[in-house]
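# Observations on the three-dimensional arrangement
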Amino acid sequence: MDREKLYLRLPVFLQNLAMSAEGARINRKRYDDRFRAILHEYQERTDWPREKTLAFRDGRLAGFIEHAAKSVPYYRELFAREKIDPRSIRSLDDLRALPVLPKEVVRENPARFVSEATAPDQTMTCHTSGSTGSGLVFPATHDAHREQWALWWRYRMWHGITLDTWCLYFAGRSIAPLSQRQPPFWRTNRPGRQVMFSAYHLSDATAEAYLDHMQRTRAPWIHGYPSMVSLIAQYALQRGRTIPMKWVTLGAETLLPHQQAAIERAFGVKPIQNYGQAEGAANFSEHPDGVLRVDEDFSAVEFEPLGDGQHRILGTNFTNPAFCLIRYEVGD
């Protein structure tokens, strides 16, 4: 029996204990002294002049390209076949000498993008979501994992959220058994300061219980998918209820105008957005001035015109030397 099935068979009080135990394990692994050092470096770069940030990006990019050309089978063959000297790629503009990497090519044979220079004991297994079984499984170095979380916490801290802020979490997680018919449809991760709500039990019949518990917690922050956060917001508005929040942060999906309107009316605050992927190929964070900007110190991002006023996003994940993606078509 896998861990999730075992968890779902436990009584509620033991599920809460299990959730907290897992939260404590994640905190120890993710938010260690090395994470705090990386976070400090990210925070220091916030005030850098743009020219200095772009020089930093290009420096990391150049080293990453040489690393990939030497140690990654796909890129070793690509540079040899195209007769391109990896040392000639020194900046974002130079990347145009290389072909675009379709997502399907990576999914078909991810092992060809794994660096032979990174020992397995230096990595952890990560994965993307995939509703049709198309999720990608890949290695990331421990520092790459810490760096991605440092980036996300830098953006949260810009807005006043801290590691100690309690969060109401709404996303696609197995929180309670699908067979459960009565509340609680939420579990508490105390070390992680999270009250995690089931995405699969929220309905017109259960919404009042969700709203009551949200109000009881007095947590100031909601985080989750726009679809789910806007749904609980709509249920609140239908019942003539508002639950004031200090922050609502959203990710993983596009925020639609009607969703934003419902969230603002129900929770009294404009939602803050972040864009990224598990692969770490591109990341955009909303700044305190309300503008969504590329995190240039985290990855190399290109916007390729499609000819109809739209652009596709190409990303190079120079923070993860274990799994190298160059000009990767993220699908957005």
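Residues numbered from 1 in each chain as written. Predicted model: local features only at pLDDT ≥ 70, side-chain atom pairs only at ≥ 80, totals over all residues. Heavy atoms only, no water.

So, about the overall build of the chain. Helices and strands together make up the secondary structure of the chain, namely 10 helices and 13 strands. The globule rule puts the C-alpha radius of gyration for 332 residues at 20 Å, and the 21 Å found for the chain is close to it. Principal-axis analysis of the C-alpha atoms places the extent of the chain at approximately 65 × 45 × 40 Å. Residues counted as buried form 49% of the 332 residues belonging to the chain. Put simply, 64% of the contacts in the chain that link residues at least 6 apart link residues at least 24 apart. For the chain, the accessible surface area stands at approximately 16400 Å², while carbon and sulfur atoms represent 52% of it. (Helix = DSSP H or I, 4+ residues; strand = E, 2+ residues; numbered from the N terminus. Rg over C-alpha atoms; globule rule 2.2 N^0.38 Å. Buried < 20%, exposed > 50% of the residue type's maximum accessible area, 1.4 Å probe, protein only. Contact = heavy atoms within 4.5 Å. Areas by Shrake-Rupley, 256 points an atom, 1.4 Å probe, with all protein chains shown as cover.)

Scanning the model with the defined rule gives 2 cavities of 30 Å³ or more in all. Computed from the structure, the largest cavity encloses a volume of approximately 90 Å³. Around the largest cavity, the lining residues are Cys-126, Phe-138, Ala-140, Ala-144, His-145, Gln-148, Ala-278, Glu-279, Gly-280, Phe-298, Thr-319 and Asn-320. Of all the elements in the fold, those that place two or more residues in the lining of the largest cavity are strand E2 (137–141) and helix H7 (142–158). Here the second largest cavity is characterised by a volume of approximately 30 Å³. Together, Tyr-74, Tyr-75, Leu-78, Leu-98, Pro-99, Val-100, Leu-101 and Ile-326 line the second largest cavity. Along the lines of polarity and charge, the residues of the lining of the second largest cavity split into 8 nonpolar, no polar and no charged. (1 Å grid on protein atoms, 1.4 Å probe; cavity = no way out; pocket = protein on both sides within 12 Å on 5 of 7 lines; lining within 4 Å. Points joined across faces, edges and corners; volume = space filled by probe spheres on them. Nonpolar A, V, L, I, M, F, W, Y, C, P; charged D, E, K, R; others polar.)

The strand order across the open sheet built from 8 strands is E4-E5-E3-E6-E7-E8-E9-E10, with neighbouring strands paired in mixed fashion. With one partner strand each, in any of the chains shown, strand E4 (186–189) and strand E10 (292–294) form the two edges of the open sheet. The mean angle between the axes of side-by-side strands here comes to 20°, regardless of whether they run parallel or antiparallel. In the sheet, strand E7 (residues 247–250) pairs with strand E8 (residues 272–275) via 2 bridges, with the strands oriented parallel. (Pairing = 2+ DSSP bridges. Axes fitted to C-alpha atoms, helices over the stretch in contact; angles between N-to-C directions.)

This paragraph deals with the sheet that holds strand E11 (residues 300–305). Here 3 strands make up an open sheet; going across it, the order is E11-E12-E13 and the pairing antiparallel. Where the open sheet ends on each side, the last strands, each with one partner, are E11 and strand E13 (328–329). Both strand E12 (residues 311–316) and E13 contribute to a ladder of 2 bridges, which runs antiparallel. For Gly-315, the partnering residue across the bridge sits in E13 and is Tyr-328.

All right, on to the pattern of salt bridges then. Should their charged atoms come close, side chains of opposite charge can pair. Throughout the structure, instances matching the rule amount to 27 salt bridges. Put simply, Glu-66 and Arg-90 hold a salt bridge, and the shortest N to O gap is 3.2 Å. Here Glu-66 is found in helix H4 (residues 50–71), whereas its partner Arg-90 is found in the loop between helix H5 (73–81) and helix H6 (103–108), with 24 residues between them in sequence. (Salt bridge = Lys/Arg side-chain N within 4 Å of Asp/Glu carboxyl O.)

In this section: the packing of helix H3 (residues 33–45) against H7. It is the contact of H3 with H7, at a shortest axis distance of 8 Å, that shows an interaxial angle of 50°. Taken together, the axes of H3 and H7 lie oblique to each other. For the pair H3 and H7, the sense of crossing is right-handed. The segment H3 lies against H7, with Arg-34, Phe-35, Ile-38, Leu-39, Tyr-42, Gln-43 and Arg-45 engaging Asp-143, Arg-146, Glu-147, Trp-149, Ala-150, Leu-151, Trp-153, Arg-154 and Met-157. Taken together, the residues of the contact of H3 with H7 sort by class into 9 nonpolar, 1 polar and 6 charged. (Parallel < 35°, antiparallel > 145°, perpendicular 65-115°, else oblique. Left-handed = near helix turned anticlockwise from the far one by under 90°.)

What follows deals with the layout of surface pockets. Any space left empty among the atoms is revealed by the rolling of a water-sized probe across them. There is about 270 Å³ of room inside the second largest pocket. In terms of lining residues, the second largest pocket is bounded by 14 residues, among which Thr-46, Thr-53, His-287, Val-294 and Glu-296 are the most central. Of all the elements in the fold, those that place two or more residues in the lining of the second largest pocket are H4, H7 and E10. For the lining of the second largest pocket, the per-class residue count stands at 4 nonpolar, 3 polar and 7 charged.

Turning our attention to the pairing of E7. A two-sided burial pattern is seen for E7, the buried positions comprising Trp-247 and Thr-249 on one face and Val-248 and Leu-250 on the other. Across 4 bridges, the pairing between strand E6 (residues 221–224) and E7 is parallel. In the strand pairing of E7, His-223 is matched with Thr-249. The parallel pair E6 and E7 is bridged by helix H9 (residues 226–238), and the resulting crossover is right-handed. Note that the unit made of E7, helix H10 (residues 257–267) and E8 has a crossover that is right-handed. (Right-handed = clockwise from strand over helix to strand, strands pointing away.)

With that settled, consider the side chain of Glu-302. Mapped onto the secondary structure, Glu-302 falls in strand E11. Only 2.9 Å separates the side chain of Glu-302 from the side chain of Arg-327, close enough to count as a polar contact. Once residues lying within four places of it in the same chain are set aside, the contact partners of Glu-302 are Leu-92, Leu-95, Arg-96, Arg-312, Ile-313, Leu-314 and Arg-327. (Polar contact = N/O pair within 3.5 Å; in protein donor to acceptor, adjacent residues only side chain to side chain.)

What the rule picks out here adds up to 19 aromatic pairs. Taking 5.9 Å as the distance between ring centres and 15° as the angle between the ring planes, the aromatic pair formed by Phe-185 and Tyr-210 counts as stacked. Taken as a pair, Phe-185 in the loop between strand E3 (167–170) and E4 and Tyr-210 in helix H8 (residues 207–217) lie far apart in primary sequence, 25 residues in all. Assessed through its relative accessible area of 1%, Phe-185 is described here as buried. An aromatic cluster is present here, built from Tyr-31, Phe-35, Trp-149, Trp-152, Trp-153 and Trp-221 joined pairwise through their rings. The ring of Trp-149 has Arg-30 sitting right over it, with the charged end atom 3.9 Å from the ring centre. One residue, Arg-156, lies across the ring of Trp-153, its end atom 4.7 Å from the ring centre. (Phe/Tyr/Trp six-rings, centres within 6.5 Å; stacked < 30°, edge-to-face > 60°. Lys NZ or Arg CZ within 6 Å of the ring centre and 35° of its normal.)

Read these as geometric descriptors, not functional statements.
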